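So you can see what is in the structure, the chains are spelled out below.
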Amino acid sequence: MFYKITIDDLTLRGRRMFLRVDFNVPLEGGRIMDDSRIRAALPTIRLAVTRGARIVIASHLGRPNGKVDMKFSLRPITRRLQELLERPVDFAVDCIGTEAIQKSKQLNDAGVLLLENLRFYPGEEANESGFSQKLAQLCDGIYVNDAFGAAHRAHASVVGITKFVRQAAAGTLMQKELQYLGMVMGAPPKPYIVVLGGAKVSDKIEVIQNLLRTCSHMLIGGAMAYTFLKAQGLPVGKSLVEDDKLDLAKRILDSAAEKNCRLLLPVDQVVAKEMRKGTEVKICSVRETPDDWMGLDIGPATVENYSKELAGARTIFWNGPMGVFEITPFERGTLSLAYAIAEATKRGAASVVGGGDSVAALHKAGVSEHITHISTGGGASLELLGGRTLPGIEALSNH
Ligand code: ADP
Ligand code: MG
């Protein structure tokens, strides 16, 4: 992946640099509920500041569907960015056009300008050439992409613009994502444990197949486990199952056996009649799932098995919660594994976690700072791990 140029390869001083970031933060009435995506882009912005670039920052926010909708304005982000950078940040109310061009040309070395939401124009998602060219007018031939979370989208600010600049480079966050996700896709130090859970097998088939080739053990949990359990002929009650994926689940189990990867499934579980806070729960073996009940978390014996495997790991990749961790009392399995992964990391293992809900679970467990790398891109990381090429990375200039 490092055949692509990076921000370190660019001459920045005195030049306008177009920086695509992912500032798609959760907003409520103009208040930023979580600024981690803004923080994630700071190293690249600070580097560009230190090297005297004139920085023009662009992002999408939400889904305004190609129309101006002030609910999705990036203006509230200006202040937060200013506080975090401890330097002034100017704002352009339109991401293309005369005012934006003028403001970009008024920047001093190390000056920062934030543009309004790219998705206020339909040309962004349509990867329109004319729109791409207009974006490129805001820089002096240099483009940096640090929006890993948008790298799987062939949009104008991710792909189109690169045809109208001299150099298109990866930012530091992008590099870090590629480095760590590249590591877990390659042949990292063993034992290499992959923990997979979440809602659906169908979301993650390619990831399962790809990682089965290299991991030592794959630990399965979440709703996805029930498709595998049913494929093995076990009773699953009312648990979430993808009946059209039972054959596929069988094939995956067979291919794991051929590849010498041990695929582990839950042996026990937390079951309930409803997915609701405070509802009556039972712990039972996966051989004894009652007809009207559904499995909503892995059980204590499974937690113990999985934690033992994680304790000996040298490399860990985790995607997908082990249960409905948003609702008490179904969060214990997920939180326990988050602690186990953090402990293994403290003892020297490298850990990588990807997926929006898995990252939220890490925060809930309070162990985020003990993880080696937390991916900022949910969809993008799954596509990459599934073996696909991401258009936003392909579009960057080669060395
Ligand atoms: P990520 O965002 O980390 O990739 P997913 O989106 O694939 O994870 O899955 C997360 C969702 O799966 C959560 O909303 C969680 O409640 C749900 N989930 C996990 N286990 C179960 C289960 N046993 N039954 C129903 N839903 C589940
Ligand atoms: Mg999710």
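First, a word on scope: everything that follows refers to the structure included in this document. As the structure is a prediction and not an experimental result, all values here were calculated from the model. (Residues numbered from 1 in each chain as written. Chains lettered and ligands numbered in written order. Predicted model: local features only at pLDDT ≥ 70, side-chain atom pairs only at ≥ 80, totals over all residues. Heavy atoms only, no water.)

Turning our eyes to something else, we now look at the side chain of Thr345. Within the secondary structure, Thr345 sits in helix H11 (residues 332–346). A distance of 2.9 Å separates polar atoms of two side chains, one belonging to Thr345 and the other to Ser351. At 3.5 Å, the side chain of Thr345 and the backbone oxygen of His370 are in polar contact. In contact with Thr345, other than residues within four places in its own chain, are Ser351, His370, Ile371 and Thr372. (Helix = DSSP H or I, 4+ residues; strand = E, 2+ residues; numbered from the N terminus. Polar contact = N/O pair within 3.5 Å; in protein donor to acceptor, adjacent residues only side chain to side chain. Contact = heavy atoms within 4.5 Å.)

In this section: the site of ligand 1. As a matter of local geometry, ligand 1 sits amid 19 residues, with Lys204, Gly295, Glu326, Asp357 and Ser358 nearest to it. One nitrogen or oxygen atom from the side chain of Glu326 is found 2.5 Å from an oxygen atom belonging to ligand 1. Within the complex, 85% of the 580 Å² of free accessible area of ligand 1 lies under protein. In this structure, ligand 1 is accommodated by the second largest pocket. Going through the elements one at a time, strand E14 (294–298) and helix H12 (356–365) are the ones with two or more residues in the shell around ligand 1. It is H12 that provides the largest number of residues to the shell around ligand 1, a total of three residues. (Near = heavy atom within 4 Å. Areas by Shrake-Rupley, 256 points an atom, 1.4 Å probe, with all protein chains shown as cover. 1 Å grid on protein atoms, 1.4 Å probe; cavity = no way out; pocket = protein on both sides within 12 Å on 5 of 7 lines; lining within 4 Å. Sits in = over half its atoms within 2 Å of the grid points.)

With that settled, the discussion passes to empty space enclosed by the protein. Gaps left between atoms are located by rolling a probe of water-molecule size over the structure's atoms. Under the counting rule described, the total for this entry stands at two cavities of 30 Å³ or more. Here the largest cavity is characterised by a volume of approximately 60 Å³. Along its surface, the largest cavity is lined by Val21, Asp22, Arg37, Ala40, Ala41, Asp146, Ala147, Phe148, Gly149, Leu173 and Thr376. Looking at the lining of the largest cavity residue by residue, the classes come out as six nonpolar, two polar and three charged. (Points joined across faces, edges and corners; volume = space filled by probe spheres on them. Nonpolar A, V, L, I, M, F, W, Y, C, P; charged D, E, K, R; others polar.)

Our next topic: the pattern of salt bridges. In the structure shown here, the tally under the stated rule is 21 salt bridges. Residue Arg39 is joined to Asp35 by a salt bridge in which the shortest nitrogen-to-oxygen separation is 2.9 Å. The salt bridge partner of Asp35 is Arg80, with a shortest N-O separation of 2.1 Å. In this pair, Asp35 sits in the loop between strand E3 (31–32) and helix H1 (36–50) while Arg80 sits in helix H2 (residues 75–85), placing the two residues 45 residues apart along the sequence. Owing to a relative accessible area of 13%, Asp35 belongs among the buried residues under this scheme. (Salt bridge = Lys/Arg side-chain N within 4 Å of Asp/Glu carboxyl O. Buried < 20%, exposed > 50% of the residue type's maximum accessible area, 1.4 Å probe, protein only.)

With that out of the way, let us pick up the layout of surface pockets. Empty space within the largest pocket amounts to approximately 790 Å³. Elements that contribute at least two residues to the lining of the largest pocket include exactly H1, helix H6 (172–185), H12, strand E17 (373–374) and helix H13 (378–385). For the lining of the largest pocket, the leading source of residues is H12, giving four residues. Along the lines of polarity and charge, the residues of the lining of the largest pocket split into nine nonpolar, 17 polar and eight charged. Here the lining of the largest pocket gathers at least three residues from each of two domains, domain 1 (7–176) and domain 2 (186–385). As for the second largest pocket, its lining consists of 33 residues, and the residues nearest its centre are Gly198, Ala199, Pro321, Gly323 and Asp357. Broken down by secondary-structure element, the contributors of at least two residues to the lining of the second largest pocket are helix H8 (224–231), E14, H12 and H13. Counting residues per element, the lining of the second largest pocket draws most heavily on E14, at five residues. When grouped by side-chain class, the residues that make up the lining of the second largest pocket number 15 nonpolar, twelve polar and six charged. (Domains from an automatic or database assignment.)

This part is about the side chain of Arg119. Along the polypeptide, Arg119 turns up in the loop between strand E6 (112–115) and helix H4 (122–125). If we ignore the near neighbours within four places in the chain, the residues touching Arg119 are His60, Gly62, Arg63, Pro64, Asn65, Gly66, Lys67, Glu124, Glu125 and His155.

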